[in-house]
Every structure is written in structure tokens, then in C-alpha cells.
Amino acid sequence: MKALRQVARTVRAFGRELARGSGLGGQQTPALGLALGGGFARGIAHIGVLKVLEEAQIPVCFVAGTSVGALIGAAYCGGLSVAELEEIAFQVRSHHIARWTLSRFGLASNQRMAVFLHRILKKKSFDDLKIPLAVTATDFGTGEGVSFRSGPLIDAVRASCAYPGMFLPVEVDGRLLVDGMLAYPVPSVPVRKMGARRVLAINLKGGLNGTGPRHVFDVIGQSFSIALERSAGVWRGASDLVVEPDVKGFAYDDFERATDLIRAGEVAMRQALPQVQSWFGTERSARRTQTLPGVVGVVPEPKAS
């Protein structure tokens with residue numbers, strides 16, 4: 001009888017998937033994928049985004065994260081609540097992640113991040129996560145994008161956060177890896193490949209304060225930002241909606257401003273919420289590639305033949 005019940009459940013699940021794919025069985029529910037971009041301390045704004053999605057009961061089916069987006073994604077997909085993420089954000093500082101070192105490959109090691117992640121993560125393997133996650137990195141030798149979706153979680157996140165020039169590269173499975181932002185500034189393409197039918201991309205577009213760069217890290221960061229923004233067509237094209245929390249006034253290491261960063265994520269996501277909610281009302285709404293608060297483009301859905 002147990003075997004028969006299992007077969008029956010399998011048949012019912014197959015029928016639901018078949019109905020979903022063919023448009024039968026009533027209103028479809030889109031599989032929402034969340035693409036979390038990098039930004040070091042600015043990534044705390046991702047928590048505000050997650051907070052609004054949870055309050056609105058918007059189900060997230062897939063998550064892909066780059067750099068700090070990978071860290072937040074690993075914690076959230078592993079079962080940490082938004083309240084727990086907020087509590088961690090209020091306490092974390094740069095020294096929990098970085099340790100200055102003398103090396104020709106970088107100025108700091110993020111080995112301390114392994115200790116930090118061991119302490120905060122409820123799950124240490126991709127295979128145990130409650131929500132499917134992709135963590136992106138960049139192969140330093142070939143320039144190819146790397147997307148981790150199985151196996152140990154901690155070194156994958158460390159590699160995704162290995163900001164070139166600041167942190168030493170991280171070796172994983174014989175490959176020397178650096179920050180995922182070089183290949184996937186915002187990982188819309190990886191989360192689309194995971195099966196997401198709607199992609200919500202969170203771009204933490206930084207910028208310098210009015211006083212200009214403070215040190216070499218600001219120079220490096222702004223240089224990367226300029227280059228990556230000019231090549232953003234790929235990830236924007238793979239996104240249905242791009243939300244950009246207003247984090248321009250925050251430095252890359254502004255961990256002590258966690259409250260304001262979370263609020264920035266909340267404000268931006270609340271502005272975008274009606275568009276996201278419309279996806280769950282009907283799949284016949286226009287597919288939009290937007291940036292909120294400013295719209296950058298509209299791509300109509302293909303007409304049914």
C-alpha cells in the first residue's frame with residue numbers, strides 16, 4: 001500500500017506539472033527566481049527586499065547570488081528567517097570577514113568568512129537547502145563564469161566574495177576563483193537556467209560620495225562599477241524586473257548602517273511590488289524589463305500563434 005500511495009503521489013505531481021506547462025488546470029503560478037547582485041556591505045539591502053516579499057507572501061522558488069548576494073542567498077535558502085538575517089546584519093563588521101595579509105595576489109584573505117559562515121549558516125551543503133540556490137564565481141584563469149549548485153556551500157560563497165585586488169583568490173576543486181561579479185554582476189542568467197519563469201533582479205548600484213574616492217578600494221570599486229554597468233545588457237535582458245535600492249550614499253564597508261540599508265531595500269521593493277504581484281494574477285501581462293524607480297524598457301510578450 002505504501003508503494004501504491006507513492007505511485008499515486010507521483011502521478012498527481014506529474015499531472016500538475018503537465019497542466020502547468022500546457023496552460024490547463026486554471027491560473028498558472030510563475031516560478032519566481034531572485035537574482036541577488038554584489039555590493040559588499042550594501043548587500044544588506046537584500047534583506048529589506050526579502051522582508052517585503054515575505055510580508056506580501058510572494059513565493060521564491062529559486063535564488064542565485066553573486067558575492068554578498070551569494071552570502072545572503074545561502075543564509076536565506078538554508079532556513080534563516082528575515083528577522084535572523086536582520087540580527088546578523090546589525091552585528092557583522094568587516095573584521096568578521098577579512099584579515100589583512102601580505103601577498104602579491106591581494107591585500108586581505110577572506111578565510112575568516114569560513115568561520116563566520118560556519119557560525120551563521122543552518123545548512124552547509126547545497127543539497128540540504130530549502131530553496132534551490134546557485135552561487136556564482138569567476139574562473140580567474142579562463143574568465144569563465146562558474147555556477148555552483150551542489151556540494152559544499154562555504155567555499156563556493158567565499159569564492160563568490162573574493163573581490164579582485166582586495167581578497168585573495170579562492171581555490172575550489174583545482175580552479176582558482178574570484179568574485180562572481182566579473183562574470184555575473186547580477187546572476188539573472190543562472191537563475192533563469194535553474195527554471196525561473198519570472199526573474200526579479202536586485203542590482204546594488206553603488207557610487208562615490210561627493211568627496212570622491214577615499215582610498216584605493218574606492219578606486220577599484222568604482223572602476224569595476226563603470227565597466228560592469230557598460231556591459232549590463234546580458235543580465236538585464238534576462239530579467240523581467242530590475243530593482244535598484246538607493247545605496248549610492250553608502251560606502252562598501254558601511255556595515256554599521258545596516259538599519260538604513262535594510263530600509264533602502266524595503267522602499268525599493270515596495271515600489272516594485274505591484275508589478276511582481278501582477279505576475280501571480282495572470283501570465284498574460286506584459287513581460288517587462290524595468291528598473292525601479294526608473295523604467296528602462298518594456299519587452300512585450302510574444303503573441304500566441
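All values reported here derive from a predicted model rather than from experimental measurement. (Residues numbered from 1 in each chain as written. Predicted model: local features only at pLDDT ≥ 70, side-chain atom pairs only at ≥ 80, totals over all residues. Heavy atoms only, no water.)

Observations concerning the overall build of the protein
Consideration 1: Across its full length, the protein holds ten helices and eleven strands.
Consideration 2: Within the protein, buried positions represent 51% of all 305 residues.
Consideration 3: In the protein, 74% of the contacts between residues at least 6 apart in sequence involve partners at least 24 apart. (Helix = DSSP H or I, 4+ residues; strand = E, 2+ residues; numbered from the N terminus. Buried < 20%, exposed > 50% of the residue type's maximum accessible area, 1.4 Å probe, protein only. Contact = heavy atoms within 4.5 Å.)

Considering the packing of helix α2 (residues 45–55) against helix α4 (residues 82–91)
Consideration 1: Two numbers describe how α2 lies on α4: the axes approach to 10 Å, and their chain directions differ by 160 degrees. What the angle tells us is that α2 and α4 run roughly antiparallel. Seen from above, α2 lies across α4 with left-handed handedness. Across the interface between the two elements, I47, L50, K51 and E54 of α2 pack against V82, L85, E86 and A89 of α4.
Consideration 2: Partitioning the contact of α2 with α4 into residue classes produces five nonpolar, no polar and three charged. (Axes fitted to C-alpha atoms, helices over the stretch in contact; angles between N-to-C directions. Parallel < 35°, antiparallel > 145°, perpendicular 65-115°, else oblique. Left-handed = near helix turned anticlockwise from the far one by under 90°. Nonpolar A, V, L, I, M, F, W, Y, C, P; charged D, E, K, R; others polar.)

Some thoughts on empty space enclosed by the protein
Consideration 1: Per the stated rule, a full pass over the model turns up one cavity of 30 Å³ or more.
Consideration 2: In this structure, the largest cavity spans a volume of roughly 220 Å³.
Consideration 3: Along its surface, the largest cavity is lined by 19 residues, and V68, L71, I72, V92 and F255 are the ones closest to its centre.
Consideration 4: Put simply, the parts of the chain that give the lining of the largest cavity at least two residues each are α3 (68–77), α4 and α5 (112–120).
Consideration 5: Broken down by class, the residue content of the lining of the largest cavity amounts to 18 nonpolar, one polar and no charged. (1 Å grid on protein atoms, 1.4 Å probe; cavity = no way out; pocket = protein on both sides within 12 Å on 5 of 7 lines; lining within 4 Å. Points joined across faces, edges and corners; volume = space filled by probe spheres on them.)

Structural notes on the pattern of salt bridges
Consideration 1: This structure, assessed with the given rule, holds 14 salt bridges.
Consideration 2: Here E144 and R175 are joined by a salt bridge, their closest N and O atoms 3.6 Å apart. On the criterion of sequence distance, the pair formed by E144 in the loop between β5 (133–139) and β6 (145–148) and R175 in strand β8 (residues 175–179) is long-range, its members being 31 residues apart.
Consideration 3: With relative accessibility at 47%, the residue E144 sits in the partly exposed group.
Consideration 4: Between R270 and E266 there is a salt bridge whose closest N-O contact spans 3.2 Å. Taken together, the positions of R270 and E266, both in helix α10 (residues 258–279) and four residues apart, correspond to about one turn of that helix.
Consideration 5: Judged by relative accessible area, which is 41%, R270 ranks as partly exposed.
Consideration 6: Where salt bridges share partners, they join K51, E55, E86, E266 and R270 into one cluster. (Salt bridge = Lys/Arg side-chain N within 4 Å of Asp/Glu carboxyl O.)

Thoughts on the packing of aromatic side chains
Consideration 1: The final tally for this structure, using the stated rule, is two aromatic pairs.
Consideration 2: Taken together, the aromatic side chains of F40, Y252 and F255 make up a single cluster linked through ring pairs. (Phe/Tyr/Trp six-rings, centres within 6.5 Å; stacked < 30°, edge-to-face > 60°.)

Some remarks on the nonpolar core
Soluble globular proteins tend to pack their nonpolar side chains together in the buried interior.
Consideration 1: Core analysis: the largest hydrophobic core is formed by 76 residues, its most contacted members being L34, L117, L133, F148, V157 and L200.
Consideration 2: For F148, the residues in contact, after removing those within four places along its chain, are F126, L133, A134, V135, A137, A156, V172 and L177.
Consideration 3: Core analysis: the next-biggest nonpolar cluster, separate from the first, contains 14 residues, A31, A196, V199 and A201 among them. (Core = buried A, V, L, I, M, F, W, Y, C linked by side-chain atoms within 4.5 Å.)

Points about the pairing of strand β2 (residues 62–66)
Consideration 1: Burial analysis of β2 places five of its five residues in the buried class, the great majority of the element.
Consideration 2: With burial as the criterion, each face of β2 is covered, one bearing F62, A64 and T66 and the other bearing V63 and G65.
Consideration 3: Here four bridges tie strand β1 (residues 32–36) to β2, and the two strands are oriented parallel to one another. Along β2, the bridge assignment pairs G33 with F62. (Pairing = 2+ DSSP bridges.)

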